[in-house]
Amino acid sequence: MRKNKNIIKELVKLRFQNLMMFRLGFFGPFFVDGSLFLIQLMVFEAVYSSVDSIGGWERGEMIIFIGTFSLINGLNMVLYFFGVNGIPDKIKSGEMDLYLTKPVSPLLRLTFENVNPGSIPLVLLSFGIIGYGILEGGITVTFWSMLKYFWWILLMTILWYEMEVIIRSMSFFVVSTTSIVSMESAGIDLCMKIPGVAFRGVYKIIFYCILPYGIMATFPTSALIGEDSLQMMLFGMGIVTIFGILTAVLWNRGIRRYHSPSS
Amino acid sequence: MRKYREIAVTYLKAQLVWRADVIFNMIFTIGKIIFARILWGAIFEGKEMVAGFTYHGMMSYYIISSFLSQIEMSGGISREISDRIRNGTFSRYMVIPVKIDRYFLAMEAGVVAFYMVFDLFAAGIWIFLFRIQFVFTGELLMIVGAFMMILLGLVFMVQLNYYLGLLTLKFQEIGTFLMIKDNLAAFVTGSMIPLVLLPAEIVAVMRVFPFYYVTYLPAMLLTGRCREEMAAGLLVLSGWCILMELINRRTYEAYRLKFDGVGI
């Protein structure tokens, strides 16, 4: 554990040194994703000018939902996205050899070697959006609801990580993951625009159980506004556990199956 | 003119190689339809009309706008130009006896002609599958006007992306700007929501810019709305196309000497 902590510290330090060489690109991800979520806010501002609620959620709750999705996405960008996203290329090019021969878990190194502090403002912007939503909706926030909210944020950040690793681990088994990654983007794109409470029937099954992006911002938002339940808690934790097991199985099998193209 | 026709035909034929891409392109038209169905399905619960749209009118708008945004594939042009400038192979386009902007226009025409058939087919499937009572204007003048606008809109987007690609001759990294442009374009062209939902003052400003006429207005015209905006729309969009043509010529002439190509 202590060894892993030191490795993560060194990886972050190295990444900082690398990023400082290209300062213009440092805040690139922030500007890209920041613009995306601000546009999302404008879209819902426009929609709410014609309706009072969507799936039972009013304007303030929807703003919190958008801010929450932005927060989880921001944490993803800061912590692991740029590392995990490189997995398919490393498998295809044989660069994975370098990770397997080092005395450290390959997944741990891949996860944290490309942290992106340039996305930290996105996390701050998200808190701003959430705060704005709380004020707009006149929502009473208690210590307990905040605690539950951050617990859900932690769980959903892990779930997002698991989904990213699962999808990119497919590169161990198939020639190209382009289509699967496109499917992931389509799922995220849809679920950042529509809160899970609006899903019905087959869509609910798909976006709650198969591609669980539908619960990622919905469950934390529900906890903050006091619409959560024990059933939701059990379901959410169950999904994170199941996808966690799936991640471990797929990754380990993939590593065993990996044949370096360079040897 | 013949050489540009050949370029278009070559690119049309080249699409046949990437069959999986065709299937995925068709499947991804469904993303916006599902978004519209879930979102507007929830909004229309217990309501007949929202912002002047019936549920089926709204779904028809999304079917058309999704089709239009799917055939607008010029984003790849700026990335192609940018990548080639950065790795020094843009000379490939400089040495052939064609005007580069027209080369990309012909390329886009070939690609769009190919995908249009399949995306039309996909739109038909979604209408049937989601049981949408498709709203489409019966007025010939509006159909002709909308098609002219769609054509001009596609030309404008090619010109814009060509211009953004050329900026790599001046700036080192334009990838971030391109991604921000994609985010903004999705909103201001009306492919996320019909622009009529925005405050009237913002819509009035948007009418001055070309994006309003790329997806939103043609989709509205084809669903039988905004007839009074058609003539002005065609004029404004034509003006922007001419302006972009002039800007592109000037930009290329000003910056082309900055290019250090491989083997030059």
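Residues numbered from 1 in each chain as written. Chains lettered and ligands numbered in written order. Predicted model: local features only at pLDDT ≥ 70, side-chain atom pairs only at ≥ 80, totals over all residues.

Points about the overall build of chain A
This is how it is decided: Helix numbering and strand numbering both begin at the N terminus, where a helix is a DSSP run of H or I of at least 4 residues and a strand a DSSP run of E of at least 2. We compute the radius of gyration over the C-alpha atoms and compare it with the globule rule, which gives 2.2 Å times the number of residues raised to the power 0.38. In this scheme every C-beta is placed from the backbone, and a residue whose C-beta has 20 or more other C-beta atoms within 10 Å is buried, one with 12 or fewer is exposed, and one in between is partly exposed. Distance between backbone-placed C-beta atoms decides contact: two residues are in contact if it is within 7 Å.
Summing up its helical and strand segments, chain A has 14 helices and 0 strands in all. Mapped from its N terminus to its C terminus, chain A presents α and β elements in the order α-α-α-α-α-α-α-α-α-α-α-α-α-α. Here chain A has a C-alpha radius of gyration of 19 Å; the compact-globule value for 263 residues is 18 Å, and the two agree. The C-alpha extent of chain A, read off along each of the three principal axes, is 60 × 40 × 35 Å. When the 263 residues of chain A are sorted by exposure, 40% land in the buried category. In chain A, the proportion of contacts linking residues at least 24 apart, taken out of those at least 6 apart, comes to 82%.

Description of the overall build of chain B
Summing up its helical and strand segments, chain B has 11 helices and 0 strands in all. When the helices and strands of chain B are placed in sequence order, the string is α-α-α-α-α-α-α-α-α-α-α. For chain B, the spread of C-alpha atoms along the three principal axes comes to 65 × 40 × 35 Å. For chain B, the residues scored as buried account for 40% of the 264 residues in total. Taking as baseline every contact in chain B between residues at least 6 positions apart, the subset at least 24 positions apart corresponds to 84%.

Side note on the nonpolar core
Selection rule: Any set of buried Ala, Val, Leu, Ile, Met, Phe, Trp, Tyr and Cys residues joined through C-beta atoms within 7 Å is what this text calls a nonpolar core.
Among the nonpolar cores identified, the biggest contains 135 residues, and A:Ile72, A:Met156, A:Met216, B:Leu39, B:Ile63 and B:Phe156 are the most heavily contacted of them. Per-element tally for this core: the top contributor is helix α7 (residues 140–166) of chain B, with 13 residues. Excluding residues within four positions of it along the chain, A:Met216 makes contact with A:Phe69, A:Ile72, A:Met156, A:Leu159, A:Trp160 and A:Cys191.

Describing the packing of helix α3 (residues 55–71) of chain B against helix α6 (residues 100–129) of chain B
All names here are of chain B. So the rule is basically this: To obtain an axis, a line is fitted to C-alpha atoms, over the contacting stretch when the element is a helix, and the angle between two such axes runs from 0 to 180 degrees between their N-to-C directions. Reported orientations rely on four angle classes, namely roughly parallel under 35 degrees, roughly antiparallel over 145, roughly perpendicular from 65 to 115, and oblique for the rest. We call a crossing left-handed when the near helix sits turned anticlockwise from the far one by less than a right angle, and right-handed when that turn is clockwise. Under this grouping Gly is polar, as are all residues other than the nonpolar Ala, Val, Leu, Ile, Met, Phe, Trp, Tyr, Cys and Pro and the charged Asp, Glu, Lys and Arg.
One can describe the packing of α3 onto α6 by two numbers: an axis separation of 9 Å at closest approach and a directional angle of 155 degrees. Judged by the inter-axis angle, α3 sits roughly antiparallel to α6. In this structure, the crossing between α3 and α6 has a hand that is right-handed. Across the interface between the two elements, Ile63, Phe67, Gln70 and Ile71 from α3 touch Val112, Tyr115, Met116, Asp119, Leu120, Ala123, Trp126 and Ile127 from α6. Tallied by class, the residues present in the contact of α3 with α6 amount to 10 nonpolar, 1 polar and 1 charged.

What to know about the interface of chain B and chain A
Every contact between the two is made by 23 residues of chain B and, on the other side, 27 residues of chain A. Elements that contribute at least two residues to the side of chain B that touches chain A include exactly α2 (19–43) and α8 (175–188) of chain B. The greatest single-element share of the side of chain B that touches chain A, amounting to 10 residues, is contributed by α2(B).

Comments concerning the environment of B:Ile27
Along the chain, B:Ile27 falls in helix α2. For the pair B:Ile27 and B:Ala122, spaced 95 residues apart in sequence, the C-alpha separation works out to 7.6 Å.

Observations concerning the environment of B:Glu72
Residues and elements named next belong to chain B. On the secondary structure map, glutamate 72 appears in the loop between α3 and α4 (75–87). A sequence separation of 142 residues divides glutamate 72 from valine 214, and the C-alpha atoms of the two residues are 9.2 Å apart. Ignoring sequence-local partners within four residues, the contact set of glutamate 72 consists of Leu154 and Met157.

Structural notes on the confidence of the model for chain A
Selection rule: Known as pLDDT, the predictor's confidence for each residue is given on a scale from 0 to 100.
Averaged over all residues, the pLDDT of chain A equals 88, while 95% of them reach at least 70. When mean pLDDT is compared element by element in chain A, helix α13 (residues 218–224) of chain A scores highest at 96, while helix α1 (residues 2–19) of chain A scores lowest at 75.

Side note on the packing of helix α1 (residues 2–14) of chain B against α6(B)
Residue and element names in this part refer to chain B. At their nearest, the axes of α1 and α6 sit 7 Å apart, and the two run at 40 degrees to each other. By the angle between their axes, α1 is oblique relative to α6. Seen from above, α1 lies across α6 with right-handed handedness. The residues of α6 that touch α1, namely those facing Tyr4, Ile7, Ala8, Val9, Thr10, Tyr11 and Leu12, are Arg102, Tyr103, Ala106, Met107, Ala109, Gly110, Val111, Ala113 and Phe114. Classifying every residue of the contact of α1 with α6 by side-chain character gives 13 nonpolar, 2 polar and 1 charged.

Some words on the environment of A:Glu58
All names here are of chain A. Relative to the elements of secondary structure, glutamate 58 occurs in the loop between α2 (28–48) and α3 (59–79). What makes glutamate 58 partly exposed here is the crowd of 17 C-beta atoms within 10 Å. Taking the C-alpha atoms as reference, glutamate 58 lies 8.1 Å from tyrosine 48; in sequence the two are 10 residues apart. Leaving out residues up to four positions away in the same chain, glutamate 58 has contacts with Asp52, Ser53 and Gly137.

A closer look at α8(B)
Stated precisely, the cut-off is as follows: A helix's residues, less one, multiplied by 1.5 Å, set its expected span.
End to end, α8(B) covers 20 Å across 14 residues, agreeing with the expected 20 Å (1.5 Å per residue, within 8%). On its buried face, α8(B) is in contact with α2 of chain A together with α9 (200–206) of chain B.

Thoughts on the confidence of the model for chain B
All names here are of chain B. When pLDDT is averaged along chain B, the result is 89; 98% of the residues meet or exceed 70. Per-element confidence in chain B ranges from a low mean pLDDT of 78 for α2 to a high of 96 for helix α10 (residues 216–222). The complex prediction reports pTM at 0.84, with the ipTM value standing at 0.80.

What to know about unusual backbone geometry
Here B:Ala51, not a glycine, exhibits a phi torsion of approximately 50 degrees, which is positive. With 15 C-beta atoms packed within 10 Å, B:Ala51 lands in the partly exposed category.

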